[in-house]
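# Geometric and topological summary
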Amino acid sequence: MIYNLYIFDRRGACLFYREWCRPLNTLAEDPEEEKKLMFGMLYSIKGLVAALGSKNAPSSSDGLNHLRTNAYTLHHFETLTGLRFVLNTDNSIVDMRGHLRHIYSGIWVQHVVQNPQYKIGEGGSAGRLPPAFAQSLEQYVTNLPGFK
């Protein structure tokens, strides 16, 4: 089951958030705080992974692909420009990195980057993103095998 998707810029601003199914939300009254906590966790864990990782690892690898807890799995994909795509699922879904790559290269690039009306750095709310992005993303995610 797919719970939600975050898209952060390199400074930690949440450019997009979409929730499909979420069994428990303890921060429902303060969604902005949740976004800050999620980015802070990613930033800290990525730093820890880099510090503990091999010095011989390829530089193109960001080191954090997914994180599994007893309640959910966080799937992570970071672009070279610092965009972070984070998809939370239940633990039955093994690897969504390829799908996150597709969301970036096939949906984000097509509907946001190549859109002449979108100004880079104009994030912060899904309302500023082209509506075609949210529509294409919705169609793609709801057709994934793990979506229930």
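The notes below deal with the structure included here. (Residues numbered from 1 in each chain as written. Predicted model: local features only at pLDDT ≥ 70, side-chain atom pairs only at ≥ 80, totals over all residues. Heavy atoms only, no water.)

### Observations concerning the overall build of the protein
This is how it is decided: Here a strand is any run of E in DSSP of at least two residues, a helix any run of H or I of at least four, and the numbering for each starts at the N terminus. Partly exposed describes any residue whose relative accessible area lies between the buried limit of under 20% and the exposed limit of over 50%, with all areas from a 1.4 Å probe on protein chains only and scaled to the type maximum. Pairs of residues are marked as contacts when any of their non-hydrogen atoms sit within 4.5 Å. Only the protein chains shown count as cover for residues, and all accessible areas are computed by the Shrake-Rupley method using a 1.4 Å probe.
Within the protein, the secondary structure is distributed over 3 helices and 5 strands. Taken from N to C terminus, the helices and strands of the protein fall in the order β-β-α-β-β-β-α-α. The proportion of buried residues among the 148 residues of the protein is 38%. By sequence separation, contacts in the protein at least 24 residues apart represent 51% of the contacts at least 6 residues apart. Total accessible area computed for the protein in this model is approximately 8,600 Å², and 54% of it derives from carbon and sulfur atoms.

### Details of the side chain of Thr 79
Tracing the backbone shows Thr 79 in the loop between β4 (73-78) and β5 (84-89). With a relative accessible area of 6%, Thr 79 lands in the buried category.

### Things to note about the packing of helix α2 (residues 97-113) against helix α3 (residues 131-142)
Describing two packed helices takes the angle between their axes plus the distance from one axis to the other. Quick reminder of the rule: Working convention: axes come from line fits to C-alpha atoms, limited for helices to the stretch in contact. Angles between N-to-C directions cover 0 to 180 degrees. Throughout, the term roughly parallel applies to angles under 35 degrees, roughly antiparallel to angles over 145, roughly perpendicular to angles from 65 to 115, and oblique to all others. Here a crossing is called left-handed whenever its near helix is offset anticlockwise from the far helix by less than a right angle, and right-handed whenever the offset is clockwise. Each residue is assigned to one of three groups, with Ala, Val, Leu, Ile, Met, Phe, Trp, Tyr, Cys and Pro labelled nonpolar, Asp, Glu, Lys and Arg labelled charged, and all others, Gly among them, labelled polar.
The geometry of α2 relative to α3 is characterised by a closest axis approach of 9 Å and an angle of 155° between their N-to-C directions. Of the possible angle classes, the one that applies to α2 and α3 is roughly antiparallel. Pair α2 / α3 crosses with right-handed handedness. Every residue of α3 that contacts α2 at His 99, His 102, Ile 103, Ile 107, Trp 108, His 111 and Val 112 is listed here: Ala 132, Phe 133, Ser 136, Leu 137, Tyr 140 and Val 141. When grouped by side-chain class, the residues that make up the contact of α2 with α3 number 9 nonpolar, 4 polar and no charged.

### Regarding the pairing of β5
What counts here: Here the rule is simple: two strands pair whenever DSSP picks up at least two bridges between them.
Counted residue by residue, β5 has 6 buried out of 6 residues, so it is predominantly covered. Side chains Arg 84, Val 86 and Asn 88 of β5 all project onto a buried face; the interleaved residues Phe 85, Leu 87 and Thr 89 project onto the opposite face, where all are buried too. Sheet topology places strand β1 (residues 2-8) next to β5; 6 bridges connect them, and they run antiparallel. When the bridges of β5 are listed, Tyr 6 appears paired with Val 86. Summarising the sheet, β4 and β5 pair through 6 bridges and their orientation is antiparallel.

### Observations regarding the pattern of salt bridges
When the charged atoms of two side chains lie near each other, side chains of opposite charge can form a pair. We count it as follows: The term salt bridge refers to a pairing of a side-chain nitrogen on Lys or Arg with a carboxyl oxygen on Asp or Glu at a separation within 4 Å.
In the structure shown here, the tally under the stated rule is 5 salt bridges. The residue Glu 138 makes a salt bridge to Arg 18 at a minimum N-O spacing of 3.0 Å. In this pair, Glu 138 is assigned in helix α3 and Arg 18 in strand β2 (residues 14-19), connecting sequence segments 120 residues apart. A salt bridge links Lys 35 to Glu 32; its shortest N-O distance comes to 3.4 Å. Here Lys 35 pairs with Glu 32, and both are found in helix α1 (residues 31-52), just 3 residues apart, close to one helical turn. By relative accessible area, which is 46% here, Glu 32 ends up partly exposed.

### As for the environment of Tyr 6
Selection criterion: The term polar contact refers here to a pair of N or O atoms within 3.5 Å; inside protein, the definition further demands a hydrogen-donor-capable atom paired with an acceptor-capable atom, and it admits residues adjacent in sequence only when both atoms are side-chain atoms.
With respect to the helices, strands and loops of the structure, Tyr 6 is situated in strand β1. Tyr 6 sits in the buried class, given a relative accessible area of 0%. Put simply, Tyr 6 and Tyr 17 are 11 residues apart on the chain and 4.7 Å apart in space, counted from C-alpha to C-alpha. Discounting chain neighbours no more than four positions away, the residues touching Tyr 6 are Cys 14, Phe 16, Tyr 17, Arg 22, Glu 34, Lys 35, Met 38, Arg 84, Phe 85, Val 86 and Asn 88. At 2.4 Å, the side chain of Tyr 6 and the side chain of Glu 34 are in polar contact.

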